[in-house]
Amino acid sequence: MGEIFRSDLVWLDDEFDSKEEFYETIGERLYNKGLVEKDFGEALIKREEVYPTGLKTEAYEIAIPHTDVKYVKEASISFVRFGKPISYSHMGDPEVKVNAKFAFVLGVKVPHQQVEVLSTLVALISDEKEMSKLEKMTSTEEISKELNHFFNERIDLDE
Amino acid sequence: MKTYRILVACGSGIATSTVIATRVKEVCESNGYKVNVQQVKVTEVEGIANDFDLIVASTRVPETVKTPYVFAINYLTGINKEGVDAEVLAELKKLEES
């Protein structure tokens, strides 16, 4: 198993005027890398309308966009830090607005094989210290390295 | 000993429900309950809810669903996860006593 995060799947201080614009862009980027089907971005938009993916932890507001496995060719997690926050609805209660500063775009292919990765992601987003590092770092290499370190420490790859 | 059937639901049935299902299974088993956990999309809940003893979901389920239900978004946000654990166990205790 290779590293979970790749520096070419980290985007920093990206500005989008809407979720739709963000999803179209990320869909195209991941499609060009051969990681998703052509309509991944559109599938993210449709899913977001019905089941939003915004989350609020104690300290951070984020989004974890994802959609059906059929739109995913290869498992991946992209990290996007927005130049200006994007307005989301909360996954648990659509009435609650979330000003997402980050998005972890999940390309889930085989859910049960990614249990530990998903659980570690949940641990990460509520880890204030770690999230503040991701807020400040300035290079994509630095961020993918930090994320891989955080995940590798918590996931026993020999299992 | 009875095996409780637990339905775990989220929007896509793949990501957040995987995290919730893992936690629910751990909590139940470490408290001595035998459980069978199945993951679905929340749109599928209404049709199959009657076959389950308990529903745990990251979103609201339709009001027509009469199966006991625990709202588990806190497993994802990390805010008071233990409160959700306690609710799940309280529901199982009720089922046990009924």
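Rules and cut-offs
Residues numbered from 1 in each chain as written. Chains lettered and ligands numbered in written order. Predicted model: local features only at pLDDT ≥ 70, side-chain atom pairs only at ≥ 80, totals over all residues. Heavy atoms only, no water. Patch = residues over 30% accessible without salt bridge, like charges linked within 9 Å, V, L, I, M, F, W, Y side chains within 5 Å. Areas by Shrake-Rupley, 256 points an atom, 1.4 Å probe, with all protein chains shown as cover. Salt bridge = Lys/Arg side-chain N within 4 Å of Asp/Glu carboxyl O. Lys, Arg positive; Asp, Glu negative; His and termini not counted. Charge placed at Lys NZ, Arg CZ, Asp CG, Glu CD. Helix = DSSP H or I, 4+ residues; strand = E, 2+ residues; numbered from the N terminus. Pairing = 2+ DSSP bridges. Axes fitted to C-alpha atoms, helices over the stretch in contact; angles between N-to-C directions. Contact = heavy atoms within 4.5 Å. Core = buried A, V, L, I, M, F, W, Y, C linked by side-chain atoms within 4.5 Å. Buried < 20%, exposed > 50% of the residue type's maximum accessible area, 1.4 Å probe, protein only. Buried area = accessible area lost by both parts, 1.4 Å probe. Polar contact = N/O pair within 3.5 Å; in protein donor to acceptor, adjacent residues only side chain to side chain. Nonpolar A, V, L, I, M, F, W, Y, C, P; charged D, E, K, R; others polar.

Q: Outline a negative patch on the surface, listing residues and values.
A: All names here are of chain A. A surface patch of like charges, here negative, comprises Glu20, Glu21, Glu24, Glu28 and Glu49. Per-element accounting of the negative patch gives the leading share, 4 residues, to helix H1 (residues 19-32). Relative to the elements of secondary structure, Glu49 occurs in helix H2 (residues 40-50).

Q: Give a detailed account of the sheet that holds strand S4 (residues 69-71) of chain B, specifying residues and quantitative values.
A: All names here are of chain B. Spatial ordering of the open sheet is given by S2-S1-S3-S4, a layout of 4 strands whose pairing is parallel. Two strands lie at the open edges of the sheet, namely strand S2 (34-41) and S4, each paired on one side alone. Ignoring which end each strand starts from, the neighbouring axes of this sheet average 25° apart. Across 4 bridges, strand S1 (residues 3-10) lies against strand S3 (residues 54-57) in parallel orientation. Bridging from a neighbouring strand, Ala9 pairs with Ala57 of S3. Helix H4 (residues 81-97) contacts S1, S3 and S4 of the sheet and is inclined by roughly 175° relative to S4.

Q: An account of the nonpolar core is needed here, citing residue identities and associated values.
A: Across soluble globular proteins, nonpolar side chains have a tendency to be buried as a group. Residue and element names in this part refer to chain A. Counting 34 residues, the largest nonpolar core has Ile62, Phe79, Phe104, Leu106, Leu124 and Phe151 as the members making the most contacts within it. When residues of this core are traced back to their parent elements, those giving at least two are strand S1 (10-14), strand S4 (76-89), strand S5 (97-107), helix H3 (115-125), helix H4 (128-136) and helix H5 (140-154). Considering each element in turn, this core owes the most residues, 6 residues, to H3. Excluding residues that lie within four positions of it along the chain, Ile62 makes contacts with Thr53, Gly54, Leu55, Val98, Ala100, Phe102, Phe104, Ile125 and Met131. Ranked by size, the runner-up nonpolar core spans 24 residues in total, among them Leu9, Phe22, Phe40 and Ala63.

Q: Before we move on, can you summarise the sheet that holds strand S3 (residues 61-63) of chain A with the specific residues and values?
A: Residues and elements named next belong to chain A. Taken together, 5 strands build an open sheet; the order of strands is S1-S4-S5-S3-S2 and the sheet is mixed. Pairing within the sheet leaves two strands with one partner each, and these edge strands are S1 and strand S2 (54-56). On average, each strand axis in the sheet is tilted by 25° relative to the strand beside it, whichever way the strands run. Bridging between S1 and S4 involves 4 bridges; their strand directions are parallel. Paired with Trp11 across the strands is Val80, a residue of S4. Sitting on the sheet, H5 is in contact with S1, S4 and S5, with an inclination near 125° to S1.

Q: Residues and numbers for the interface of chain A and chain B, please.
A: Taken together, the 23 residues of chain A in the interface contact 22 residues of chain B. Each partner contributes to the roughly 1,800 Å² buried at the junction of chain A and chain B, and carbon and sulfur atoms together form 70% of this total. On inspection of chain A and its partner chain B, the count reaches 1 salt bridge. The salt bridge involving Lys41 of chain B is made with Asp68 of chain A; its shortest N-O contact spans 3.4 Å. For the pair chain A and chain B, the number of links is 3 residue pairs in polar contact (both at pLDDT 80 or more). Where the side of chain A that touches chain B is concerned, the elements lending two or more residues are S2 and H3 of chain A. It is H3 of chain A that provides the largest number of residues to the side of chain A that touches chain B, a total of 5 residues. When the residues that make up the side of chain A that touches chain B are grouped by side-chain class, the tally is 12 nonpolar, 7 polar and 4 charged.

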